[in-house]
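Here is what each chain is made of, one letter per residue.
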Amino acid sequence: VRRVIATLALALAASAGAADTARPPRLSPAEMRMIATADAEYDRSIALLERLVNQNSGTMNLPGVAKVGEMMATELRALSFAVTWKPLPQTGRAGHLIATHAGKPGTKRLLLIGHFDTVFEADSPFQRFVRNGDGASGPGAGDDKGGMVVMLGALRAMQAAGTLKRANIEIVLTGDAVPWKPLPQTGRAGHLIATHAGKPGTKRLLLIGHFDTVFEADSPFQRFVRNGDGASGPGAGDDKGGMVVMLGALRAMQAAGTLKRANIEIVLTGDAVPWKPLPQT
């Protein structure tokens, strides 16, 4: 966990333009501070993970999902994020959390995505966080409460190193990652959930993306255009390009015979543009 948090912090700082990328390839003082913070806050991160896991947030346990949303909102506000909760009672889901951090104008904007619901409902026998040496288990411990804890740990490391204040970051945490559900009441098409069952007892991978773009039907930016080895078009990079890369990787795994053993869940959302008004919700 320490290594994952530190690696994510370094990657986020570099991606947001908050780290010095013009220097020789060695760790800067800020990067060393991020790594040290990830190590120092290990126990804090595990304690938060335990609290999140022990709060049941099965998708249909709407109060439980909202409670995990409140816990995440508290952590993000402490990092100077502006947090908005979007309740979705019309869809039979608790809602989504959107958090934004305004950094240096004109620099890259980062989008971090996750979910706080799980497949383990309130009547599931699988309810508690259990430590087992350096490992642990529990509903959502890996997917996706563990992911949210890693994200928060990386952001705290950035804050300690002074790199967070320059970063423009938006976080979208959904409460309806299971399974596909049309969302006509919200003015959104819906989400797609795909699962691949592999070898029992092995790690589960979560792949996330979105198939909507900011370019509506009346936008002049509509076509895919090749330019040498590059290309442009609405969603060519974000996120249709990402979905093609994902599919290419899965086909390569299938050709190599490794896909059949893999436990993979894919969540593709149709509402990754949260800054649009949603009067229906």
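Here we summarise the structure given alongside this text.

Rules behind the numbers
- Residues numbered from 1 in each chain as written.
- Predicted model: local features only at pLDDT ≥ 70, side-chain atom pairs only at ≥ 80, totals over all residues.
- Heavy atoms only, no water.
- Phe/Tyr/Trp six-rings, centres within 6.5 Å; stacked < 30°, edge-to-face > 60°.
- Helix = DSSP H or I, 4+ residues; strand = E, 2+ residues; numbered from the N terminus.
- Core = buried A, V, L, I, M, F, W, Y, C linked by side-chain atoms within 4.5 Å.
- Buried < 20%, exposed > 50% of the residue type's maximum accessible area, 1.4 Å probe, protein only.
- Contact = heavy atoms within 4.5 Å.
- Pairing = 2+ DSSP bridges.
- Axes fitted to C-alpha atoms, helices over the stretch in contact; angles between N-to-C directions.
- Patch = residues over 30% accessible without salt bridge, like charges linked within 9 Å, V, L, I, M, F, W, Y side chains within 5 Å.
- Areas by Shrake-Rupley, 256 points an atom, 1.4 Å probe, with all protein chains shown as cover.
- Salt bridge = Lys/Arg side-chain N within 4 Å of Asp/Glu carboxyl O.

**Here we look at the packing of aromatic side chains**
In this structure the tally under the stated criterion is two aromatic pairs. Aromatic side chains Phe-120 and Phe-126 sit 4.9 Å apart centroid to centroid with 75° between the ring planes, which places their arrangement in the edge-to-face category.

**Some thoughts on the environment of Ala-262**
Checked against the element boundaries, Ala-262 lands in the loop between α6 (240–256) and β13 (263–269). Placed 57 residues apart in sequence, Ala-262 and Leu-205 show a C-alpha to C-alpha distance of 8.0 Å.

**Some details on the nonpolar core**
In terms of nonpolar packing, the biggest core is built from 38 residues, with Met-72, Leu-76, Phe-81, Leu-97, Leu-155, Ile-169 and Ile-171 touching the most fellow members. Element by element, the count of residues in this core is highest for helix α5 (residues 145–161), at eight residues. Not counting residues up to four positions away in its chain, the partners in contact with Ile-171 are Leu-76, Phe-81, Leu-97, Ile-98, Ala-99, Leu-112, Met-151 and Leu-155.

**Some thoughts on the sheet that holds strand β6 (residues 168–174)**
Two orientations exist for strands paired in a sheet by backbone hydrogen bonds: parallel and antiparallel. Pairing within the open sheet is mixed, and its four strands lie in the order β1-β2-β6-β3. Two strands close off the open sheet at either side, each with one partner strand: β1 (82–88) and β3 (109–115). Adjacent strand axes in the sheet meet at a mean angle of 15°, parallel and antiparallel pairs treated alike. Two elements, strand β2 (residues 93–101) and β6, share five bridges in a ladder whose sense is antiparallel. In the sheet register, His-101 faces β6, and the bridge partner there is Ile-169. Helix α4 (residues 62–77) rests against β1, β2 and β6 of the sheet, and its axis sits at about 10° to β2. With respect to the sheet, α5 is in contact with β3 and β6, its orientation differing from that of β6 by roughly 160°.

**Digging into a nonpolar patch on the surface**
Judged by side-chain polarity, Val-214, Phe-215 and Phe-221 come together as a nonpolar surface patch covering roughly 240 Å² of accessible area. Mapped onto the elements of the fold, Val-214 is located in the loop between β10 (204–210) and β11 (225–227). Residue Val-214 is classed as partly exposed on the basis of its relative accessible area, which comes to 45%.

**Thoughts on the pattern of salt bridges**
The full count for this structure, using the stated rule, is six salt bridges. The partner of Glu-170 in a salt bridge is Arg-109, and the shortest N-O contact between them spans 3.6 Å. Of the two residues, Glu-170 is situated in strand β6 and Arg-109 in strand β3; the sequence distance between them amounts to 61 residues. Sharing partners across several salt bridges, the network here consists of Glu-41, Arg-44, Glu-75 and Arg-156.

On their own, these measurements won't tell you what the molecule is for.
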